[in-house]
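In case you want the letters, here they are:
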Amino acid sequence: MNDGNLTSAVILVVAGYLLLTLEVFLPTGGILGALSLAAICIGVTFGFKSSLMTGSLVLAGTVAGVPLLLKSLTWLW
């Protein structure tokens, strides 16, 4: 397993979540949303480059985490 890909995957997914959080509260016209989507997709890709199991777990985490994050942020907003 390549630990560099795993570290990059975690950093990119967390950065994507942070950008998505900022997108909800700042009027950026979707720029931060597009950047968060790109960061999360690249993070999932790096997860799969690390190993198939890690990529599957990162993908499952983002598929479950993004809607929960958006629901929580809209409730907070």
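For the structure itself, look to the data block above.
Residues numbered from 1 in each chain as written. Predicted model: local features only at pLDDT ≥ 70, side-chain atom pairs only at ≥ 80, totals over all residues. Heavy atoms only, no water.

Chemist: Go over the overall build of the protein chain, please, and point to the residues and values.
Modeler: For the protein chain, the count of helices and strands is 3 helices and 0 strands. For the protein chain, the N- to C-terminal ordering of α and β elements is α-α-α. Expressed along its principal axes, the backbone C-alpha trace of the protein chain runs to roughly 40 × 20 × 15 Å. For the protein chain, the residues scored as buried account for 26% of the 77 residues in total. Within the protein chain, contacts between residues at least 6 apart in sequence are counted, and of these 64% link residues at least 24 apart. Carbon and sulfur atoms make up 78% of the accessible area of the protein chain, which totals about 4,900 Å². (Helix = DSSP H or I, 4+ residues; strand = E, 2+ residues; numbered from the N terminus. Buried < 20%, exposed > 50% of the residue type's maximum accessible area, 1.4 Å probe, protein only. Contact = heavy atoms within 4.5 Å. Areas by Shrake-Rupley, 256 points an atom, 1.4 Å probe, with all protein chains shown as cover.)

Chemist: Describe the packing of helix α1 (residues 3-25) against helix α3 (residues 52-76), naming the residues involved and giving the relevant values.
Modeler: Taken N-terminus to C-terminus, the directions of α1 and α3 make an angle of 20 degrees; their axes are 10 Å apart at the nearest point. Looking at the two axes, α1 sits roughly parallel to α3. As for the relative orientation of α1 and α3, their crossing is right-handed in sense. Between α1 and α3, the contacting residues are Leu6, Val13, Tyr17, Leu20, Thr21, Val24 and Phe25 on the first element and Thr54, Val58, Gly61, Thr62, Gly65, Val66, Leu69, Leu70, Leu73 and Leu76 on the second. (Axes fitted to C-alpha atoms, helices over the stretch in contact; angles between N-to-C directions. Parallel < 35°, antiparallel > 145°, perpendicular 65-115°, else oblique. Left-handed = near helix turned anticlockwise from the far one by under 90°.)

Chemist: I'd like to hear about the packing of α1 against helix α2 (residues 31-50), residue by residue, with values.
Modeler: The geometry of α1 relative to α2 is characterised by a closest axis approach of 7 Å and an angle of 160 degrees between their N-to-C directions. Judged on the interaxial angle alone, α2 and α1 are roughly antiparallel. Along this stretch, α1 crosses α2, giving a crossing that reads as left-handed. Residue composition of the contact of α1 with α2, grouped by class: 16 nonpolar, 8 polar and 2 charged. (Nonpolar A, V, L, I, M, F, W, Y, C, P; charged D, E, K, R; others polar.)

Chemist: Tell me about the side chain of serine 36, and name the residues and values.
Modeler: As for its position among the elements, serine 36 is in helix α2. Residue classification places serine 36 among the buried residues on the basis of a relative accessible area of 2%. In contact with serine 36, not counting residues within four places along its chain, are Gly16, Leu19 and Leu20.

Chemist: Give me the lowdown on a nonpolar patch on the surface, citing residues and values where you can.
Modeler: The grouping of Leu22, Phe25, Leu26, Trp75, Leu76 and Trp77 at the surface amounts to a nonpolar patch, some 790 Å² of accessible area in total. Mapped onto the nonpolar patch, the elements with two or more residues apiece are α1 and α3. (Patch = residues over 30% accessible without salt bridge, like charges linked within 9 Å, V, L, I, M, F, W, Y side chains within 5 Å. Salt bridge = Lys/Arg side-chain N within 4 Å of Asp/Glu carboxyl O.)

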